[in-house]
Amino acid sequence: MDIGIKAIEYTLPEKVLTNEELAQIYDSWTPEKILTKTGIAARHVVSEGECASDLAETAAIKLFESGVISPKDIDFILLATQSPDYQLPTTACILQDRLGIPQTAGAFDFNLGCSAYIYGLAIAKGLVSIGVAQNVLLLTAETYTKHIHRLDKSTRTIFGEAAAATLIGHNGHAIGDFDLGTDGSGKNALIIPSGGARLPRSEATAKEYEDNGSIRSQDNLFMDGAEVFNFSIRVVPQSVKNVLEKHNLALADIDLFVFHQANKFMLDYLRKKINIPREKFYVNMQDIGNTVSATIPIALKRAEEEGRLHKGDKILLSGFGVGFSWGSTIITY
Ligand SMILES: CC(C)(COP(=O)(O)OP(=O)(O)OC[C@H]1O[C@@H](n2cnc3c(N)ncnc32)[C@H](O)[C@@H]1OP(=O)(O)O)[C@@H](O)C(=O)NCCC(=O)NCCS
């Protein structure tokens, strides 16, 4: 019996932040320039007091209301987030209670960003294949604006917020083998320097500094866009090659490529470098931005709704980013 993806639902926070609003703050960038560079016109962002758990809960309720499964039949919750409600306990435990999932379910958070969906599929497939669980609820929920300084144009233009809920179990769209990778030497390229045990928050860490037209402090998210770009073009083509080899498939055998929706500039570059025909490369982020761990499930759901997925199609998924961390797999629809 195939272990696979049985259903996906997602949610976006109500509040929308447009390029027009951002261009009013960053006067050297016009709305058109942001759109041309990133492929993003707007992104959804949480309101004050709205957390990743709230988005994850809404996405999970949508999944339950679709009738595909009831909360009582979920026996494992995996939650990927880098903006948990608390340092501890793990947000997945809180969601077990809020969603009415039985106390016999396992639950934990894992701290990954743009590669998290692929890792979540790998963990979920592993749990089902060894019989620890039958129905895994994989939640990917992110609220990076909690970490972003409002005057940091490098990150604020790119990231948006969302949550996705994916049900993994027997008889779904089969999840294949994985190519996973890690390069921790890139830790400083995408980081919130303070707030952990290494550098506790203090007056010193809250001190703002200017960097290339952006303002932030060590309490905020920092991204070295060029480093992240260089890392991605170095590892993603190889990861695609590796995962194709694991399945004995050629590039031409893949019906649709669904990559982490980082930004248009990066996706265009990767598509050309790997030599993927435009019509087989899914990009859909103009109205939502880079939603970190939620980009791949949202893209899959949107591709399905647009009729782009057909029975038997091979869909290659690849996620890459903060860590550095990356992973690819192939789904048979
Ligand atoms: C962020 C990124 C798009 C910037 O592209 P870049 O070409 O390296 O940008 P540079 O800083 O060299 O600037 C080149 C031009 O683009 C502009 N630019 C850069 N980022 C921009 C943005 N977010 N919006 C609008 N314009 C932008 C610069 O102002 C500059 O314009 P100019 O030529 O008129 O002076 C690119 O580095 C990238 O894709 N990095 C990966 C980031 C990412 O996806 N992170 C998510 C984690 S997975």
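Everything numeric here is computed off the predicted structure, so don't read it as measured data.

**Q** Got a minute to help me understand the sheet that holds strand β15 (residues 325–332) in this structure?
**A** By way of backbone hydrogen bonds, the strands of a sheet pair with one another, either parallel or antiparallel. Read from one edge of the open sheet, nine strands run β5-β4-β6-β7-β1-β8-β15-β14-β13, paired in mixed fashion. Two strands bound the open sheet, and with one partner strand each, they are β5 (106–110) and β13 (256–259). Strand-to-strand twist across the sheet, computed as the mean angle between neighbouring axes with direction ignored, equals 25°. As paired elements, β13 and strand β14 (residues 314–321) share four bridges and run parallel to each other.

**Q** How should I be thinking about the site of the ligand in this particular structure?
**A** Near the ligand lie 21 residues; those nearest to it are Lys33, Lys37, Thr157, Gly225 and Asn263. Here an oxygen atom of the ligand and a side-chain polar atom of Lys33 are 2.7 Å apart. One of the side-chain N or O atoms of Lys37 is found 2.8 Å from an oxygen atom in the ligand. A total of 910 Å² of accessible area belongs to the ligand in isolation, and the protein chains cover 69% of it.

**Q** Would you explain the domain arrangement of the protein in this entry?
**A** Often the size quoted for an interface is simply the accessible area lost on bringing the parts together. Taken as a whole, the protein is organised into domain 1 (3–172) and domain 2 (178–198 + 209–332). Centre-to-centre separation of domain 1 and domain 2, based on C-alpha positions: 16 Å. Taken together, the contacts link 49 residues of domain 1 with 48 residues of domain 2. Across the interface of domain 1 and domain 2, roughly 3,900 Å² is buried in total on both sides, 65% from carbon and sulfur atoms. By the criterion of area lost to domain 2, the three top residues of domain 1 are Tyr10, Cys114 and Ile118, representing 17% of everything that side buries. Applying the counting criterion to the domain 1 and domain 2 interface returns two salt bridges. Asp152 is paired through a salt bridge with Arg216; the nearest N and O atoms lie 2.7 Å apart. For the pair domain 1 and domain 2, the number of links is 21 residue pairs in polar contact (both at pLDDT 80 or more). Within the residue set of the side of domain 1 that touches domain 2, elements represented by two or more residues are β1 (3–11), α2 (31–38), β3 (42–44), α5 (116–129), β6 (135–142), α6 (153–156) and β7 (162–170). At seven residues, the largest contribution of residues to the side of domain 1 that touches domain 2 is made by α5. Per-class residue counts for the side of domain 1 that touches domain 2 are 26 nonpolar, 15 polar and eight charged.

**Q** I tried to follow the packing of helix α3 (residues 52–65) against helix α4 (residues 91–99) on my own but got confused; where do I start?
**A** Packed helices, taken two at a time, are described by the angle between their axes plus the distance between the axes. Contact pair α3 / α4: the axes reach a minimum separation of 11 Å and the direction vectors enclose 45°. One way to sum up the angle between α3 and α4 is to call them oblique. By crossing handedness, the relation of α3 to α4 is classed as right-handed. Only Thr91, Leu95, Arg98 and Leu99 of α4 make contact with α3, whose side of the interface consists of Ser53, Asp54, Ala56, Glu57, Ala60, Ile61 and Phe64. A class-by-class count of the residues in the contact of α3 with α4 yields six nonpolar, two polar and three charged.

**Q** How should I be thinking about the layout of surface pockets in this particular structure?
**A** Using a probe with the size of a water molecule, rolled over the atoms, empty space left in the structure can be pinpointed. Quantified by volume, the largest pocket comes out at close to 1,000 Å³. Of the residues that constitute the lining of the largest pocket, the class distribution is 17 nonpolar, 13 polar and seven charged. When residues of the lining of the largest pocket are assigned to domains, at least three map to each of domain 1 (3–172) and domain 2 (178–198 + 209–332). Here the second largest pocket defines a volume of roughly 710 Å³. Along the wall of the second largest pocket there are 33 residues; nearest its centre are Ser154, Ile158, Met223, Gly225 and Ala226. The biggest single contributor to the lining of the second largest pocket is helix α7 (residues 225–246), with six residues. Counted by class, the lining of the second largest pocket contains 16 nonpolar, eleven polar and six charged residues. If you count residues domain by domain, the lining of the second largest pocket takes at least three from each of domain 1 (3–172) and domain 2 (178–198 + 209–332).

About the thresholds
Residues numbered from 1 in each chain as written. Predicted model: local features only at pLDDT ≥ 70, side-chain atom pairs only at ≥ 80, totals over all residues. Heavy atoms only, no water. Pairing = 2+ DSSP bridges. Helix = DSSP H or I, 4+ residues; strand = E, 2+ residues; numbered from the N terminus. Axes fitted to C-alpha atoms, helices over the stretch in contact; angles between N-to-C directions. Near = heavy atom within 4 Å. Polar contact = N/O pair within 3.5 Å; in protein donor to acceptor, adjacent residues only side chain to side chain. Areas by Shrake-Rupley, 256 points an atom, 1.4 Å probe, with all protein chains shown as cover. Domains from an automatic or database assignment. Contact = heavy atoms within 4.5 Å. Buried area = accessible area lost by both parts, 1.4 Å probe. Salt bridge = Lys/Arg side-chain N within 4 Å of Asp/Glu carboxyl O. Nonpolar A, V, L, I, M, F, W, Y, C, P; charged D, E, K, R; others polar. Parallel < 35°, antiparallel > 145°, perpendicular 65-115°, else oblique. Left-handed = near helix turned anticlockwise from the far one by under 90°. 1 Å grid on protein atoms, 1.4 Å probe; cavity = no way out; pocket = protein on both sides within 12 Å on 5 of 7 lines; lining within 4 Å. Points joined across faces, edges and corners; volume = space filled by probe spheres on them.

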